[in-house]
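Now for the letters of each chain:
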Amino acid sequence: MNKQIIITASFLGMLAVITGAFGAHGLKAVLTPSQLEVWHTAVQYNFYHVFALLFLAAFAGNRDGGLISAAHYLFTFGIILFSGSLYLLSCRDLLGWNWLVFMGPITPIGGLLFILGWLMLALAAIRNK
C-alpha cells in the first residue's frame, strides 16, 4: 500500500464529494442545465479517477519500474486539468470570468493524462510477475 497515493486519493475524493454536493444543491438554481451537465461530468471523472488512485495504492509496492508512480501523477494532474477546467468553465458566466474561455483546450489535455495513466497501469500489470 502506498501512503502518498492514499492521501492524494482521500483529498481528491473529499473534493469530489464537496463539488458534487455543491453542484446539486448550491448551483442548481444558478446554472443552466447544460452548465450543470458539464459540472456533473467533472464530478464523475473526478470520482472515477479517485477510485483508480485507490486501486494504484493497493497495487503499489510491487516493483514496476516507476509505472505506478507515473500513473499516480498522471491521474492526479488529469483530475486537476480535466475536472478543474470543467468546474471553472461551467461557472464562467456565473463568475463573470469570460477570460476563462482559454480553459477549453486544457480539458482534453487532462483527458490525455487520464489515458496515459491507464496505459501506465496496464503496463505495470503486464510487468508484474
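Up top is the structure.
Procedures and definitions
- Once a new chain begins, its residue numbering starts again from 1 and follows that chain's sequence as written.
- Selection of residues for local features in this predicted model requires a pLDDT of at least 70, selection of side-chain atom pairs for listing and counting requires 80 or more, and totals for whole chains, interfaces and linings are taken over all residues.
- Just so you know, side-chain values use all the structure's heavy atoms and leave hydrogens and water out.
- Here a helix means four or more residues in a row that DSSP labels H or I, a strand means two or more in a row labelled E, and each is numbered from the N terminus.
- Accessible area is worked out with a 1.4 Å probe on protein chains only. A residue is then buried under 20% of its type maximum, exposed over 50%, and partly exposed in between.
- Throughout, an axis means a line fitted to C-alpha atoms (over the contacting stretch in the case of helices), and angles, computed between N-to-C directions, take values from 0 to 180 degrees.
- Working definition: roughly parallel below 35 degrees, roughly antiparallel above 145 degrees, roughly perpendicular at 65 to 115 degrees, and oblique for all remaining angles.
- The sense of a crossing depends on the near helix, which, turned anticlockwise from the far helix by less than a right angle, makes the crossing left-handed and, turned clockwise, makes it right-handed.
- Here a residue-residue contact requires only that any non-hydrogen atoms of the pair lie within 4.5 Å.
- Residue polarity is assigned by list, with Asp, Glu, Lys and Arg as charged and Ala, Val, Leu, Ile, Met, Phe, Trp, Tyr, Cys and Pro as nonpolar; anything else, Gly included, falls into the polar class.
- Expected helix span is taken as 1.5 Å per residue step, with the number of steps being one fewer than the number of residues.
- Whenever two N or O atoms come within 3.5 Å, that pair is a polar contact, provided that in protein one can donate a hydrogen and the other can accept it, and provided that, for residues adjacent in sequence, both atoms are side-chain atoms.

When helices and strands are counted, the chain shows 5 helices and 0 strands. Start at the N end of the chain and walk to the C end: the helices and strands fall as α-α-α-α-α. Dimensions of the chain, computed from the C-alpha atoms along their principal axes, are close to 50 × 25 × 20 Å. Looking at the chain as a whole, 41% of its 129 residues qualify as buried.

Let us now look at the packing of helix α1 (residues 3-26) against helix α3 (residues 67-90). Packing of α1 against α3 leaves a shortest axis separation of 11 Å and a crossing angle of 15°. On the basis of the axis angle, α1 is roughly parallel to α3. Here α1 runs over α3; the crossing is left-handed. When α1 is examined against α3, the residues Gln4, Ile5, Thr8, Leu12 and Thr19 are found in contact with a partner set consisting of Ile68, His72, Tyr73, Thr76, Ile79 and Tyr87. Here the contact of α1 with α3 is composed, by residue class, of 6 nonpolar, 5 polar and no charged.

Let us look at the environment of alanine 9. As for its placement among the helices and strands, alanine 9 is situated in helix α1. Excluding its chain neighbours within four sequence positions, the residues that come into contact with alanine 9 are Val50, Leu53 and Leu54.

Note on placement: histidine 49 falls in helix α2 (residues 33-59). Other than its neighbours up to four places away in sequence, histidine 49 contacts Phe75, Ile79, Phe114 and Trp118.

Helix length check: α1, at 24 residues, gives a terminal C-alpha distance of 33 Å against a target of 34 Å (1.5 Å per residue), a fit within 8%. If you check which residues of α1 are buried, you get Ile5, Thr8, Ala9, Leu12, Gly13, Ala16, Thr19 and Gly23. Those residues of α1 that are buried are in contact with α2 and α3. Residue asparagine 2 occupies the N-cap position of α1, its side-chain oxygen lying 3.0 Å from the main-chain nitrogen of glutamine 4.

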